[in-house]
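Coordinate inspection notes
Residues per chain, in single letters:
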Amino acid sequence: MSRANRSQGLFERARKVSPGGVHSPVRAFGAVGSEPFFSASGVGSRLRDVDGNEYIDYVLSWGPLVLGHAHPEVTAAVERAVRKGTHYGTPTPEEVELAEKVIALVPSVEVVRFVNSGTEATMSAVRLARAFTGRDLILKFEGCYHGHGDSFLARAGSGLATLGLPSSPGVPKEITQLTLTVPFNDFQAVQETLAEHGDRVAAVITEPVVGNSGLILAEGGFLEFLREETRRIGALLIFDEVMTGFRVALGGAQERYGIDPDLTALGKVIGGGFPVGAYGGRRDIMSRVAPEGDVYQAGTLSGNPVAMAAGLAQLDVLERENPYAALEERALKLVTGIVAAAGRCGIPATGAATGSMWGVYFCEGPVRNFEEALKVDRQFFNAYHRECLLGGVFFAPSPFEAGFLSTAHSDADISETQEIVEQALAKATNKK
Ligand SMILES: *Cc1c(COP(=O)(O)O)cnc(C)c1O
């Protein structure tokens, strides 16, 4: 970014003191051949960087900020909470309130345990599933990202997809061998894999809407099929709703698509911009978690009252406003606009939206799995991404990440974005 001065200086300093200058790989913008801007503040749909540039933000902290930046009710709740103290290491009223709220909203969750990230939530859910079933294998889908736990770093999405990493060194093969991987939306591959290994499978884990290789919707009947197959073989179905929870509907994808998983992992929106994750589900399974049961899992800062207050305030607003239909309408408008604009430039494109999640691939559709997502023109995407940023629109710096929308994004924001996208597409096309 030629106009970024303070960001450049900070990135130089950061690279000397932290790996790649960042604390999570995708933030480095390396995938789009660029450098990150450093954020200074955000209000509503807008993000401001340390050089004073403003962006309409469709990354939204990679998912959590469904009400946009610095929502007044969330900010007020955090201020009230933090004045009382930051953490106590004893139970607090806030964690009971948020637990009750999560159970009321998410259909299949009867009992919930808070942790500090989505990674912890999925890791803990899998440990519990293994203990409950007495089996060791798990089945996951190519291009799904379930955090950076060892078991999940096999053909994963998000940063690994972006960086083209099949897995990660440092994970013993004895551990990845316990993870079976098949393409998403592939009924036959699931059936064949379960026919061979079914009696050793503890759980099938999936993102019910794949948001970590771009946006991929489950084909009709696929989630139902996973529900039936797991029941048949005595394995648990785990929905990783870290991204979809409170984002595609108040009760997550399980409410939207009417499927009851046995366990659910939550994160992102649940913490209102603070580090919160959770896993929950059937009472008989969750009762195996310590200290009620024998499956160990703990956390010094789990249930942090400031984070609980932020999450609770955000969920209260979502419950009151139930914005999901309106969000989806706007998201579809955005996707349709981008796909049409690409068409006018002669660029093939396909896209989808569900609730406040959306995605566009610059390739011929349909995209039903990770393999098909890899058809995108990455060089074109990089040029497009750079032009959007220069125009004042912040999309995720990778073609393999879902886009988000917040309740703070107005019709005027969408129209302004549309114009910037239109120009960015034209400029990126000219560079081809
Ligand atoms: C972001 C994400 C995670 C990991 O959550 P962290 O809080 O980054 O550890 C897990 N699963 C899904 C589906 C995610 O989108």
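Sequence order sets the numbering: in each chain, residues are counted from 1 along the sequence as written. Per-residue local features are limited, in this predicted model, to residues with pLDDT of at least 70; the limit for side-chain atom pairs, both in listing and counting, is 80 or more; totals at the level of whole chains, interfaces and linings are taken over all residues. For the side-chain quantities, the full set of heavy atoms in the structure was used; hydrogens and water were omitted.

What the four strands build is an open sheet, ordered β1-β2-β3-β13; its pairing is mixed. Strands at the two margins of the open sheet, each flanked by one partner only, are β1 (39-43) and β13 (393-394). Should DSSP find at least two bridges between two strands, the strands are regarded as paired. Comment: elements are numbered from the N terminus, with helices defined as DSSP H or I runs of at least four residues and strands as E runs of at least two. With two bridges connecting them, strand β3 (residues 54-57) and β13 associate as parallel partners. By the bridge assignment, I56 is partnered in β13 with V393. The contact definition used throughout considers only heavy atoms, calling two residues in contact when any of these lie within 4.5 Å. Angular values range over 0 to 180 degrees, each being the angle between N-to-C directions of two axes fitted as lines to C-alpha atoms, with helices fitted over their stretch in contact. On the sheet, helix α15 (residues 411-430) packs against β2 (46-49), β3 and β13 and is oriented at approximately 110° with respect to β3.

Right, let's get into the site of the ligand. Looking at the ligand, the residues that line it are S117, G118, T119, Y145, H146, G147, E207, N212, D240, V242, M243 and K268. Within the side chain of T119, one N or O atom sits 2.6 Å away from an oxygen atom of the ligand. Polar contacts, as counted here, are pairs of nitrogen or oxygen atoms within 3.5 Å of one another; within protein the pair requires one atom able to donate a hydrogen and one able to accept it, and residues that are adjacent in sequence qualify only if both atoms are side-chain atoms. Within the contact set of the ligand, a nitrogen atom lies 2.6 Å away from a side-chain nitrogen or oxygen of D240. Residues belonging to the shell around the ligand are distributed by class as follows: three nonpolar, six polar and three charged. For this purpose, a residue is taken to be near a molecule or strand whenever a single non-hydrogen atom of the residue falls within 4 Å of it. Residues are grouped as follows: Ala, Val, Leu, Ile, Met, Phe, Trp, Tyr, Cys and Pro are nonpolar; Asp, Glu, Lys and Arg are charged; all remaining types, including Gly, are polar.

So, on to the pairing of strand β9 (residues 263-266). Neither face of β9 is exposed, since L263 and A265 on one face and T264 and L266 on the opposite face are all buried. Examined bridge by bridge, strand β8 (residues 236-240) and β9 share three bridges and lie parallel to one another. Its bridge partner being in β9, D240 is matched across the sheet by A265. Following the backbone out of β8, through helix α9 (residues 252-257) and into the adjacent parallel β9, one traces a crossover that is right-handed. Relative to strand β10 (residues 277-281), β9 runs antiparallel, the two being bridged by four bridges. Of the residues in β10, the one forming a bridge with L263 is G281. Each residue's exposure class comes from its accessible area (1.4 Å probe, protein chains only) as a fraction of the maximum for that residue type: buried when under 20%, exposed when over 50%, partly exposed otherwise. A clockwise path from the first strand over the helix to the second, with the strands pointing away from the viewer, defines a right-handed crossover.

Each pair of packed helices can be summarised by the angle the axes make with each other and by the distance between the axes. Their axes nearest at 8 Å, the elements helix α2 (residues 72-83) and helix α11 (residues 305-321) cross at an angle of 150°. Taken together, the axes of α2 and α11 are roughly antiparallel relative to one another. Seen along the crossing, α2 lies across α11 with a hand that is right-handed. Contact residues: α2 offers E73, V74, A77, V78, A81 and V82, while α11 offers P305, V306, A309, A310, A313, Q314, V317 and R320. Partitioning the contact of α2 with α11 into residue classes produces eleven nonpolar, one polar and two charged. Small angles under 35 degrees read as roughly parallel and large ones over 145 as roughly antiparallel, with 65 to 115 read as roughly perpendicular and the rest as oblique. Definitions for this section: a left-handed crossing has its near helix turned counterclockwise from the far helix by less than a right angle. A right-handed crossing has that turn clockwise.

Each domain's extent was defined by an automatic or database domain assignment. Here the protein chain is described as being made up of domain 1 (5-70 + 323-430) and domain 2 (72-321). Distance between the C-alpha centres of domain 1 and domain 2: 25 Å. Between domain 1 and domain 2, the contact holds 37 residues from the first and 38 residues from the second. Note: buried area is the sum, over both parts, of the accessible area (probe 1.4 Å) each one loses when the two are combined. When domain 1 packs against domain 2, the two sides together hide about 3,000 Å² of surface, and 61% of this comes from carbon and sulfur. Looking only at domain 1, the three residues that lose the most surface to domain 2 are Y324, M357 and F370, adding up to 20% of its buried area. Salt bridge criterion: a side-chain nitrogen from Lys or Arg within 4 Å of a carboxyl oxygen from Asp or Glu. R256 is paired through a salt bridge with E328; the nearest N and O atoms lie 2.4 Å apart. Applying the counting rule to domain 1 against domain 2 returns 13 residue pairs in polar contact (both at pLDDT 80 or more).

What follows covers the sheet that holds strand β12 (residues 357-361). Judged by pairing direction, the sheet is antiparallel, and its three strands sit side by side in the order β11-β12-β14 without closing on themselves. Bordering the open sheet on either side are β11 (350-354) and β14 (403-404), each of which pairs with just one other strand. Where β11 meets β12, five bridges bridge the pair, whose relative direction is antiparallel. By the bridge assignment for β12, G351 is matched with V360. Sitting on the sheet, helix α12 (residues 324-344) touches β11 and β12, and the angle it makes with β11 is about 175°.

Our next topic: unusual backbone geometry. Cis geometry marks the peptide bond from A290 to P291, where omega comes out at 10°. Considering the arrangement of structural elements, one finds P291 in the loop between α10 (283-286) and α11. P366 follows G365 through a cis peptide bond whose omega is -5°. Looking at the secondary structure, you find P366 in the loop between β12 and α13 (370-373). Backbone geometry places F29, a non-glycine residue, at a positive phi of 65°.

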